[in-house]
Each structure stands twice: as C-alpha cells, then as structure tokens.
Amino acid sequence: MASRVIGLTTTPLGECLAWMWRRHGESGQKGASDHHAQGKSRSLKDTPRTWVHRHLALWSRVLAPLQPLDAPRARATAWDASWPLQRELTSVRLARRTVTAQLGEWNLEDLADTAELLVSEVVTNALRHTRGPLRLNLQVRGSRLRCEVEDTDPAGPVRRVVDTDAEGGRGTELLDLLSEAWGSTRTATGKTTWFDLLTRTPEPEGSPASD
C-alpha cells in the first residue's frame, strides 16, 4: 500500500488516471461476474459510486476540453450574446465591430464608443497575456450593460505604474475612468474579465431585471 501511494505522488497525472481507470475496469469486471453468478439484476443507477468512480468523474470535468470558449455564436436570451475570438490581432477590430452591431440591435448606440474602447483594451490584454481560446460575452441586466472576455488563465489583471509619455499600459486606468464597475472573476476554466456600463434608461424595454 505504501508503494502505491508513493507511485501516485510521483507518477504523471495521465498515468495515475490510467491506473485508476484500469482498477475501475477490473473491479467492474469482477463485480459483473459475481453479479451474474448470483443471478440478481440491478440497474446501473442503483450501483454505489466507488472512490475511483467519483475521482474519475472529478478529473474528467477538470481536464475536459474548454468547448464553451470555442463554441460558435450563442444567444441564451434576447439580451445575452456570445462569440468566440481567434488568437490574432484582427480579433480586436472584430470585437469592436461585433459590440457596436449588437448594441445597435439593442438600441444602445449611445454606449457604443465607450464599449468599443474598453473592449479593445480587455481583448488586447487577453491576447497579450494569456493562451488558449477566448470568448466575448454581452449581457443587459436592468440598467447595466456587461461586457465579458473569458480566457484560460486564472491570473487577474495587474496594475502597473506607467510613465506619462508611455503609449500603452493604461487599460486599468481607462476601466476605472469610463466604466461603472469592472473586475476579474476566476472560473473553472480560467477567468472572466468584465466591465459594466450604465444605460441611459433605467431599464431597457424588454430586458430582464438586474440581479
């Protein structure tokens, strides 16, 4: 037993999972033969979940491909919209155009200039400092427009001291100045960097109430 524990702590994760799966299969085969010998029938949902079964399910969720970030354009409701972004510089311009077009559909054109500027900063930051898929989300909740950029890096934005003559590096300052609120939230697949803008009307017609 001691050597087994040592092996788990020093063996790569993939080999550990493979060993767990083999043990799970062996126990399943043994259980199936015993079950057949006894002549009893029992549905799978009635079978107790073993330690190995539970941990396999846990790791499968942790290591599963990040499909939501790569999924095509999605719209949960009339006031939710979401798009994948490619890891290329043209995605910054595409994000600006996408946001402008969507705000036009929602009759929120007055927010377009500010939203374009801030989404440019957030998307550019994600392209520079993260790896993996990206996703752009827009939501209207009551009197707030929320813009989100999802990525696979859990580390949040870092404030830096910028020289007065520097050409860049002022993304957080712009978010502080132009947004109603902004922040970074860790997720199961990385993080979401978001900012809120207030709409001019207390609650756009047909939009859900804010949480």
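Read on for an overview of the structure. As the structure is a prediction and not an experimental result, all values here were calculated from the model.

### A look at the side chain of Ser120
Inspection of the secondary structure assignment puts Ser120 in helix 6 (residues 112-129). Reaching out from Ser120, the side chain makes a polar contact with the backbone oxygen of Glu116 at a distance of 2.8 Å. Sequence-distant contacts of Ser120, defined by excluding residues within four places in its chain, comprise Val92 and Arg96.

### Here's the deal with a nonpolar patch on the surface
Taken together, Leu117, Leu177 and Leu178 make up a surface patch of nonpolar side chains, about 270 Å² in accessible area. Here Leu177 is to be found in helix 7 (residues 171-178). By relative accessible area, which is 66% here, Leu177 ends up exposed.

### Here we look at the sheet that holds strand 5 (residues 190-198)
Across the sheet, 5 strands lie side by side as 1-2-3-5-4; this open sheet has antiparallel pairing. Looking at strand neighbours, the two that pair on one side only are strand 1 (80-85) and strand 4 (181-187), the edges of this open sheet. Averaged over all neighbouring strand pairs, the angle between strand axes comes to 20°, with direction disregarded. Here strand 2 (residues 134-141) pairs with strand 3 (residues 144-151) via 7 bridges, running antiparallel. Paired with Asn137 across the strands is Glu148, a residue of strand 3.

### Notes on the nonpolar core
Counting 29 residues, the largest nonpolar core has Leu103, Trp106, Val119, Val123, Leu136, Leu145 and Phe195 as its most contacted members. Of all the secondary structure elements, the ones that give two or more residues to this core are strand 1, helix 5 (90-105), helix 6, strand 2, strand 3 and strand 5. It is helix 6 that provides the largest number of residues to this core, a total of 8 residues. Ignoring any residue separated from it by four or fewer positions in sequence, one finds Phe195 in contact with Ala115, Leu118, Val119, Val122, Leu145, Arg146, Cys147, Leu175, Ser179, Ala181 and Trp182.

### Points about the pairing of strand 4
Residues in a regular strand point their side chains to alternate faces of the sheet. The pairing of strand 4 with strand 5 spans 7 bridges and is antiparallel. When the sheet's bridge partners are listed, Arg186 is paired in strand 5 with Lys191. Taken together, strand 4 and the strand that follows it, strand 5, pair antiparallel across an intervening segment of 2 residues.

### A look at the pairing of strand 5
The element strand 5 is extensively covered by neighbouring structure, given that 8 of its 9 residues are classed as buried. Judged from the 8 bridges that link them, strand 3 and strand 5 form a sheet pairing that is antiparallel. Within the sheet, the bridge partner assigned to Glu150 lies in strand 5 and is Thr192.

### Some points on the packing of aromatic side chains
Within this structure, the stated rule accounts for 1 aromatic pair. Positioned over the ring face of Trp194 is Arg146, at 3.9 Å from the centre of the ring.

### As for the side chain of Thr98
For Thr98, the location among the structural elements is in helix 5. Leaving out residues up to four positions away in the same chain, Thr98 has contacts with Trp83 and Leu136.

### Comments concerning unusual backbone geometry
The residue Asn107 is not glycine, and still its phi comes out positive at about 60°. Within the secondary structure, Asn107 sits in the loop between helix 5 and helix 6. The exposure class assigned to Asn107 is exposed, which follows from its relative accessible area of 59%.

Criteria and cut-off values
- Residues numbered from 1 in each chain as written.
- Predicted model: local features only at pLDDT ≥ 70, side-chain atom pairs only at ≥ 80, totals over all residues.
- Heavy atoms only, no water.
- Helix = DSSP H or I, 4+ residues; strand = E, 2+ residues; numbered from the N terminus.
- Polar contact = N/O pair within 3.5 Å; in protein donor to acceptor, adjacent residues only side chain to side chain.
- Contact = heavy atoms within 4.5 Å.
- Patch = residues over 30% accessible without salt bridge, like charges linked within 9 Å, V, L, I, M, F, W, Y side chains within 5 Å.
- Areas by Shrake-Rupley, 256 points an atom, 1.4 Å probe, with all protein chains shown as cover.
- Salt bridge = Lys/Arg side-chain N within 4 Å of Asp/Glu carboxyl O.
- Buried < 20%, exposed > 50% of the residue type's maximum accessible area, 1.4 Å probe, protein only.
- Pairing = 2+ DSSP bridges.
- Axes fitted to C-alpha atoms, helices over the stretch in contact; angles between N-to-C directions.
- Core = buried A, V, L, I, M, F, W, Y, C linked by side-chain atoms within 4.5 Å.
- Phe/Tyr/Trp six-rings, centres within 6.5 Å; stacked < 30°, edge-to-face > 60°.
- Lys NZ or Arg CZ within 6 Å of the ring centre and 35° of its normal.

Note that all results are geometric; they support no functional claim without further evidence.
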